[in-house]
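Next come the chains, spelled out residue by residue.
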Amino acid sequence: MDVVQTLASATQLVSAMVTAVGALEQAAADFAEAPRRLQVLEDFVSDLDALAQQARQRHAHKMHGPQLERQLQSLGRLMDQLGTNIAKARQVLSKKGRGKAFARVVKSSVVGDPLMRYVKAIRDELNWWLELQELTQSVGDVIASTAKSTPSLVRVKSERGYPVSKKCSYVRELLERDGSHRVVLIVGLSGIGKSCLARQIASDPPGYFVDGAIEISFGRWCSRTACNGSRSEYHKRLVRKICKFLVQIGSMTVKEETGKDLDDVCCLLQTALVGRNMLILLDDVWEQDIVDRFTKLYDNDCRYLVTTRDEAIYEIAEAEKVEISKDDIKEISKEILLYHKVLLDRCGHHPLTVAVMGKALRKETRVEKWEKAISNLSTYATCAPGPVSYVNEKDVESTLTIFGSFEYSLEAMPENSRSFFMVLAAISWEEPVPEACLESIWSALLQDSLFPLVVSKLVEGSLIIKLEDQLLYHMHDMVSLYLENKTNDAVRTLLSESISVCAALIAPWLFVFGKECVKGPAEQKMRSFFSLLEFMEIEILLGSTTQALMACRSISDFESSRLGFSKILGPRIAEIISVGSPDLIFAITKAITVIFFQADYINLAQSLETAGSVDKLIDLLGVCEDTSTLANLSSVLAKISEHVDATTADEILSRTPMDRIADLLSPENEQWHEIVFTTLASLTKVGKLKAVETMIESGVDKKLLVLLGNGSEISQHHAITMLKTFCELGAPLQGCMGPGVLVHLPWRARISLERFVLFDQSVPPSPKPQQSFEVILHKILQKDNKEIIEAIQGLLPFAERANDSRVQDLLLGSILFDRLALLLQCREVESNQARSQAAFLVMKLACTGGEPYVRRFLELNIVHNLIDMMQCNIDELQDSAYYALHQIIVFAKGGSLVLQRFLQLGTIEKLVNLLDRKSLKTKHLAMQLLVDIAVVGTKPCIERMLASQVVEKLVALEKAGDEPFDGAVSRYIEGLNMCKNVQSAERAVMKQHILRKVRSAVRGHKLEASLVASVEACIAEGTKGASSSSRKKK
């Protein structure tokens, strides 16, 4: 019995029960017949309960479906209500049996028959449940219809200019045909246009695929051949590909990618695709088991479009097979070179060969040159390096022709372009490569010509591909195959035969973006520089390492590369600092701020303390003339102070030039604000009140107040956080931050700081708090809304002292929080003001009392009640709910607990989905709450938002043109700029990732130029520590 049958059976039972209730109603007057009819109803309830239990057990693996869970819960509530009313009806019957007939008639005529009252209640409950199921089904049908006509965010981009051929139409027909196989295999030679054909179809999938289409590219890299037959390495690479796919469809975060087993990932894939109906493009598949793993997935309506050059995969029985031959692509190639049939024939009508030769001859008008090209192509094809062993024998002739076209194209290029192209064999082209990497490789060759001129030659020759509007380059897999046997020569050229400074420049780039076989030699080269203490090379290497890390394509790439660099650099730092020059030490501290995270400083502090290098760093603080050096060095020492003994920590605090640090907090020095705030936070964590007093003596508090009035939004946020820390540690700030000062601050700063400044700790608690609290609590338990509102206002003085131990015991030991939870859930219109007041009281308790209160709110689901309230259609309630959530998440001490719960329950994804609502108010508040989460969230929170396509949804809101969403993406980036839980290097990688998402989402829209420009400006300003808009809250 499946789920639908279970619910249908339940509906049939309930319908039968309605009939039985009618019979009971008729029998109510017959005292002898009524008990038997009541027993029939009890048997129905028992059968219904058994059916529900059976359904839960049988479909336990599907209980993650919210609709099924809700239907079974409503069935359970129905049975509880029926059981109660049937018991009451039986009790009435027993009393009837003992009473006298005349007395019963008199009582029934005066107050009504109680049995009939319960019978009516049972009938109403049964009819209500049946109507609810019909309504749910109708709503479900409407939603399904809307979803079918709504374009999906999951899309595949087609190749620009690729013509729609007869083959495209044929493949679309196969996908639309009822009863056809789930897999459509497209087979053909490499470079013949399989991927272009598949993308052309997937970019506009048939309407059957309501969840859109998505591409996952495997390539030779994900094959047993590329892994030298290693099963474990092949599985590891396959896991990476499937995890990337799961991240794209929002079923996994980037953080969850690492450390997964293939079987576990396939289970996640099964769960992720349940109920989905999408076209999945499996591009460039080299292994048959990849297709098998996808086709074995069940409970979904997905179909698979597979491109491959492997005939073994072509033999899969359960698939529609489409082969692209020379005759098929003549239709396309003739459009490219319509008047050069001889050259087309010699190129085998192969699109890649045609493109390469066409680019080489693009400005040639002389007939004899074209004839010579035809002759030369034959010569180059004969002399071209033979294809490697994994090329099918059938492909050898075509491959030689393609390789010959590469040789011809290279021969027509200048020598510097040829040599540059050959060393690109060291790079892994599995993913697009940043331009900075290619430029560093070019610099290492010590050529005279300009890099843009050289790289443009390769792009014009179709040997590399520049991604549109992005500083990224890609390479066709056939070109990469041509370079495969040139990898060792490239490594030798770049690392062994080049001068040492060039090797130091390029080694970090190869460690991040090189092939797997190249990363080892690159690491050995870097270690050799550290072992030999070659100071100049080490300084160059450190600068190049920082640049390579900042160019990483994703957070996971950044994290793995960062860990690798920290293992190389970490053990050598103490020695280098002890013998190195000041300039080298300054370069090391700058690299440390990028490469090392909080956990790395524990081992660093121990090694520096053992080697006696901490004193040398402290001494250098006094001779720092450069602002950048001062900021980096003081930041490293401040973080080290958290992990050394008290004596060393005190010396670091006492010798830190706090007056110069304070000068860096002036509004004109915004580019240093983030690192300075990090330094101050570490010093206050170690030195407590003593550190704060030192900072106040140096005028740090006054600089913070100036920032509150004149700084950017990001600087204001950090200043508020710092001043709150000062107050919590007991710093005497009332003199410089009294009511007279607060009134001139922006409202956001004022509301955040007034509790610390205006709250006088010396005022004793009010007499007999127990007595007054019980009186107020009694009022809030009443049903009268006026009394409830008065009670909430009476509780505000208690909320102001929620962190007092006596008040805390009083509040947490009461049923106040249960009552607040019920008030927030109330739906009656007359309760709206009470709900708004309850939200305000919750906010006050959380902000003043902190973690104990937030824990109680989470236990009773109050935070999620506020999220529900934020979605209602009453502006006042929505604003109250958002303001309470904003204060709890951003300012309450237990706000981190809320974010942890959000991660556990998938709340972040639900908040992102609120951006799709029809209500502008709901979407606007959801956007603001997501920005709040970006401000105070951890890296997993932000990664979860990005994986849930928050950027794409914000872009969609901006494209819609509604006023509240102007600059939505920029506001999100501003929030990310304020986040202190993310390292600056991680933030930079995230922002570049966001920029790529924006470019992709807005491409072709009329706002493309302005939106991309505003996001780029926001990212650039954020890098300097300023807000993108430079707006200051008044």
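Heads up: these notes are all about the structure in this document.

The rules behind each value
Residues numbered from 1 in each chain as written. Predicted model: local features only at pLDDT ≥ 70, side-chain atom pairs only at ≥ 80, totals over all residues. Heavy atoms only, no water. Phe/Tyr/Trp six-rings, centres within 6.5 Å; stacked < 30°, edge-to-face > 60°. Helix = DSSP H or I, 4+ residues; strand = E, 2+ residues; numbered from the N terminus. Buried < 20%, exposed > 50% of the residue type's maximum accessible area, 1.4 Å probe, protein only. Lys NZ or Arg CZ within 6 Å of the ring centre and 35° of its normal. Pairing = 2+ DSSP bridges. Arc of directions from axis to C-beta. Contact = heavy atoms within 4.5 Å. Axes fitted to C-alpha atoms, helices over the stretch in contact; angles between N-to-C directions. Core = buried A, V, L, I, M, F, W, Y, C linked by side-chain atoms within 4.5 Å.

1. Some words on the packing of aromatic side chains
One pass over the structure, following the stated rule, counts 10 aromatic pairs. Geometrically, the ring pair formed by Phe245 and Phe294 is edge-to-face, given 6.1 Å between the ring centres and 80 degrees between the ring planes. Taken together, the positions of Phe245 in helix 8 (residues 231-248) and Phe294 in helix 10 (residues 288-295) put the pair 49 residues apart, joining distant regions of the chain. A single burial state applies to Phe245 and to Phe294, both of which are buried. Cluster of aromatic residues (ring-pair linked, three or more members): Phe245, Phe294 and Tyr304. Here the guanidinium or amino end of Arg562 rests over the ring plane of Phe597, the centre of that ring lying 3.9 Å away.

2. A closer look at the pairing of strand 2 (residues 213-217)
Within strand 2, four of the five residues are buried, leaving the element largely enclosed by the surrounding structure. Taken together, the five bridges between strand 2 and strand 3 (residues 279-283) define a ladder with parallel strand orientation. Note on strand 3: the bridge partner recorded for Ile216 is Leu282.

3. Let's talk about helix 19 (residues 451-460)
Taken residue by residue, helix 19 has Phe451, Val454, Val455 and Leu458 as its buried positions. Looking down the long axis of helix 19, one finds its buried residues gathered within 90 degrees of arc, a one-sided arrangement. More than 90 degrees from the buried face of helix 19, the exposed residues found are Pro452 and Leu453. Considering only its buried residues, helix 19 is in contact with helix 17 (415-423), helix 18 (435-444) and strand 8 (472-474). The positive-phi residue at the C-terminal boundary of helix 19 is Ser462, with phi of around 60 degrees.

4. Description of the sheet that holds strand 5 (residues 320-323)
Reading across the sheet, the five strands line up as 2-3-4-1-5 and stay open at both edges, with parallel pairing between neighbours. Both edges of this open sheet fall to strand 2 and strand 5, since each of them pairs with a single strand only. Recorded for the sheet is a direction-independent mean angle of 15 degrees between the axes of neighbouring strands. Direction of pairing for strand 3 relative to strand 4 (residues 303-308): parallel, over a ladder of four bridges. Following the sheet pairing, Leu279 is matched in strand 4 by Arg303. With respect to the sheet, helix 7 (residues 194-202) is in contact with strand 1 (183-187), strand 2, strand 3 and strand 4, its orientation differing from that of strand 4 by roughly 160 degrees. The sheet strands contacting helix 8 are strand 2 and strand 3, and the helix crosses strand 2 at an angle near 155 degrees.

5. Brief notes about the pairing of strand 5
Here strand 5 shows a clear split, with Glu320 and Val322 buried on one side and none of Lys321 and Glu323 buried on the other. Two elements, strand 1 and strand 5, share four bridges in a ladder whose sense is parallel. Paired with Val187 across the bridge in strand 5 is Glu323.

6. Here's the deal with unusual backbone geometry
A positive phi angle, close to 60 degrees, is found at Asp299, a residue other than glycine. Unlike most non-glycine residues, Gln949 shows phi in positive territory, near 65 degrees. Structurally, Gln949 is set in the loop between helix 49 (939-947) and helix 50 (950-960).

7. Structural notes on the nonpolar core
Counting residues in hydrophobic clusters, the biggest one holds 220 residues, and the most contacted among them are Phe420, Leu424, Leu811, Leu845, Phe902, Met945 and Val950. If sequence neighbours within four positions are ignored, Met945 has contacts with Ile908, Val912, Leu930, Ile933, Ala934, Val950 and Tyr972.

Geometry only, nothing functional implied.
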